[in-house]
There are 2 protein chains.
Amino acid sequence: MASWDFTTNVTWLEGEKLNLGCHGMPDIAVTPPPQFGGEEGYWTPEDLLVGSVDSCMLLTALFFVGKYKINLKAYKSHATGNMEKTAEGLRFTGITVHVEGTVSEEAEIESFKKALEMAEKFCPVSAAVSCPVHLDVSATVG
Amino acid sequence: MASWDFTTNVTWLEGEKLNLGCHGMPDIAVTPPPQFGGEEGYWTPEDLLVGSVDSCMLLTALFFVGKYKINLKAYKSHATGNMEKTAEGLRFTGITVHVEGTVSEEAEIESFKKALEMAEKFCPVSAAVSCPVHLDVSATVG
């Protein structure tokens, strides 16, 4: 069966700061979220999780944008993950990805929405998340 | 109930390249993995997912390292996520985090392993992943 590995590495620096690396890519300095005592201005593991879903949705959508021959002019999104304190500890309860696409003509709006529906289904990172992932898609002609 | 939001944003640049942002943090340029046609040398959504687990495990472990009063001298880890092609598309089948800790004295080795066991249980990002997350912990005195 076809199989691929993805490997990262972590080095503890000091206090609650660490370097996150990945074979040859620029390191990412990571701390806990400021609301849990971390320093301001750093990526947190929680941000990286939400960002992995946010970015994978676009890359998966692009496959279907190509397949449906949509002339996509712009794509922006933002994703929000919600975390709650539960009896088991801190838990993500859901991630919502808000997508704004710009297409060339009216007729492509429905195809764009269909491309995102397919992306939601096939996005491997979204599928690897145990909390519900919601998509909120809008598209305009521009 | 106590609740927190984590928000990222994505801007499509060109081809299969995007910028991943997060309120004031340095942007991360993201592409698909080279094995799926992406350019070399960029973070991928898959790496970010694995890295979010890898980094969260350390930050959660540090809480228990403090609680158990372990004099931790160094911590390194690497995490590998395995992905397979299934009938439903590409799917993560498991993530393994390999941890190497350096403690001050022999007696702390067991406490360090216990701290990681607790981290595995309470790490919110690991809990947000639907595939199994395994921990492989070693500790030495140094």
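Residues numbered from 1 in each chain as written. Chains lettered and ligands numbered in written order. Predicted model: local features only at pLDDT ≥ 70, side-chain atom pairs only at ≥ 80, totals over all residues. Heavy atoms only, no water.

A. Expanded view of the pattern of salt bridges. All names here are of chain A. Tallied over the entire structure, the rule returns two salt bridges over all chains. Between Glu 39 and Lys 17 there is a salt bridge whose closest N-O contact spans 3.4 Å. A residue pair is termed long-range when its members are at least 10 positions apart, and Glu 39 in the loop between strand S3 (25-30) and helix H1 (45-67) and Lys 17 in strand S2 (residues 17-22) qualify at 22 residues. Judged by relative accessible area, Lys 17 falls into the buried class, the value being 16%. (Salt bridge = Lys/Arg side-chain N within 4 Å of Asp/Glu carboxyl O. Helix = DSSP H or I, 4+ residues; strand = E, 2+ residues; numbered from the N terminus. Buried < 20%, exposed > 50% of the residue type's maximum accessible area, 1.4 Å probe, protein only.)

B. Just the side chain of Ser52(B), in detail. When you line up the elements, Ser52(B) lands in helix H1 (residues 45-67). Owing to a relative accessible area of 0%, Ser52(B) belongs among the buried residues under this scheme. In contact with Ser52(B), not counting residues within four places along its chain, are Pro45(A), Leu48(A), Leu49(A) and Val125(B). (Contact = heavy atoms within 4.5 Å.)

C. Representation of unusual backbone geometry in the model. The phi dihedral of Lys69(A) is positive, around 55°, even though this residue is not glycine. Here Lys69(A) lies in the loop between H1 and strand S4 (72-86).

D. Region of interest: the relation of the copies chain B and chain A. With an axial shift of 0.0 Å and an RMSD of 0.0 Å, the rotation relating chain B to chain A amounts to 180°. A rotation of that kind, with that shift, is consistent with a two-fold axis. Here 100% of the contact residues of chain B are again contact residues in chain A; the copies associate through an equivalent surface. (Least-squares fit on C-alpha atoms with pLDDT ≥ 70 in both.)

E. A look at the packing of aromatic side chains. On inspection of all chains with the given rule, the structure shows 14 aromatic pairs over all chains. Consider the rings of Phe63(A) and Phe64(A), whose centres lie 5.0 Å apart with planes at 90°: the pair is edge-to-face. Phe63(A) sits in the exposed class, given a relative accessible area of 54%. The interplanar angle of 70° and the centroid separation of 6.3 Å between the aromatic rings of Tyr75(B) and Phe112(B) together place this pair among those described as edge-to-face. Linking Tyr75(B) in strand S4 (residues 72-86) with Phe112(B) in helix H2 (residues 108-122), this pair joins segments that are 37 residues apart in sequence. (Phe/Tyr/Trp six-rings, centres within 6.5 Å; stacked < 30°, edge-to-face > 60°.)

F. Geometry of the sheet that holds strand S1 (residues 3-14) of chain B. If you trace the six strands from one edge of the open sheet to the other, you get S6(A)-S5(A)-S4(A)-S1(B)-S2(B)-S3(B), paired in mixed fashion. Each edge of the sheet is formed by a strand with only one pairing partner; in this case those strands are strand S6 (133-141) of chain A together with strand S3 (28-30) of chain B. Going from strand to strand, the sheet's axes swing by 20° on average, the running direction of each strand aside. (Pairing = 2+ DSSP bridges. Axes fitted to C-alpha atoms, helices over the stretch in contact; angles between N-to-C directions.)

G. Spotlight on the packing of H1(B) against H2(B). Residue and element names in this part refer to chain B. Running from N to C, H1 and H2 point in directions that differ by 125°, and their axes come no closer than 8 Å. What the angle tells us is that H1 and H2 run oblique. Read as a crossing pair, H1 and H2 show a hand that is right-handed. Contact residues: H1 offers Met 57, Thr 60, Ala 61, Phe 64 and Val 65, while H2 offers Phe 112, Ala 115, Leu 116, Met 118, Ala 119, Glu 120 and Phe 122. Residues that form the contact of H1 with H2 fall into these classes: 10 nonpolar, one polar and one charged. (Parallel < 35°, antiparallel > 145°, perpendicular 65-115°, else oblique. Left-handed = near helix turned anticlockwise from the far one by under 90°. Nonpolar A, V, L, I, M, F, W, Y, C, P; charged D, E, K, R; others polar.)

H. Structural view of the nonpolar core. Counting 92 residues, the largest nonpolar core has Tyr75(A), Phe112(A), Tyr75(B) and Phe112(B) as the members making the most contacts within it. In this view, Tyr75(B) contacts Val10(A), Thr11(A), Trp12(A), Met57(B), Leu58(B), Val99(B), Glu100(B), Phe112(B) and Leu116(B); residues no more than four positions away in its chain are not counted. (Core = buried A, V, L, I, M, F, W, Y, C linked by side-chain atoms within 4.5 Å.)

I. View of the interface of chain B and chain A. If you look at the interface, chain B gives 74 residues, while chain A gives 74 residues. Carbon and sulfur atoms make up 67% of the surface buried where chain B meets chain A, a total of about 6,400 Å² over both sides. In this structure, the connection of chain B to chain A is made through zero salt bridges. If you look at where chain B meets chain A, you find 28 residue pairs in polar contact (both at pLDDT 80 or more). (Buried area = accessible area lost by both parts, 1.4 Å probe. Polar contact = N/O pair within 3.5 Å; in protein donor to acceptor, adjacent residues only side chain to side chain.)

J. Examining the sheet that holds strand S1 (residues 3-14) of chain A more closely. The strand order across the open sheet built from six strands is S3(A)-S2(A)-S1(A)-S4(B)-S5(B)-S6(B), with neighbouring strands paired in mixed fashion. Here the strands that pair on one side only, and so sit at the sheet edges, are S3 of chain A together with strand S6 (133-141) of chain B. Taken over all neighbouring pairs, the strand axes of this sheet differ in orientation by 20° on average, direction set aside. One ladder, built from nine bridges, connects S1(A) with S4(B); its direction is antiparallel. By the bridge assignment, Asn9(A) is partnered in S4(B) with His78(B).

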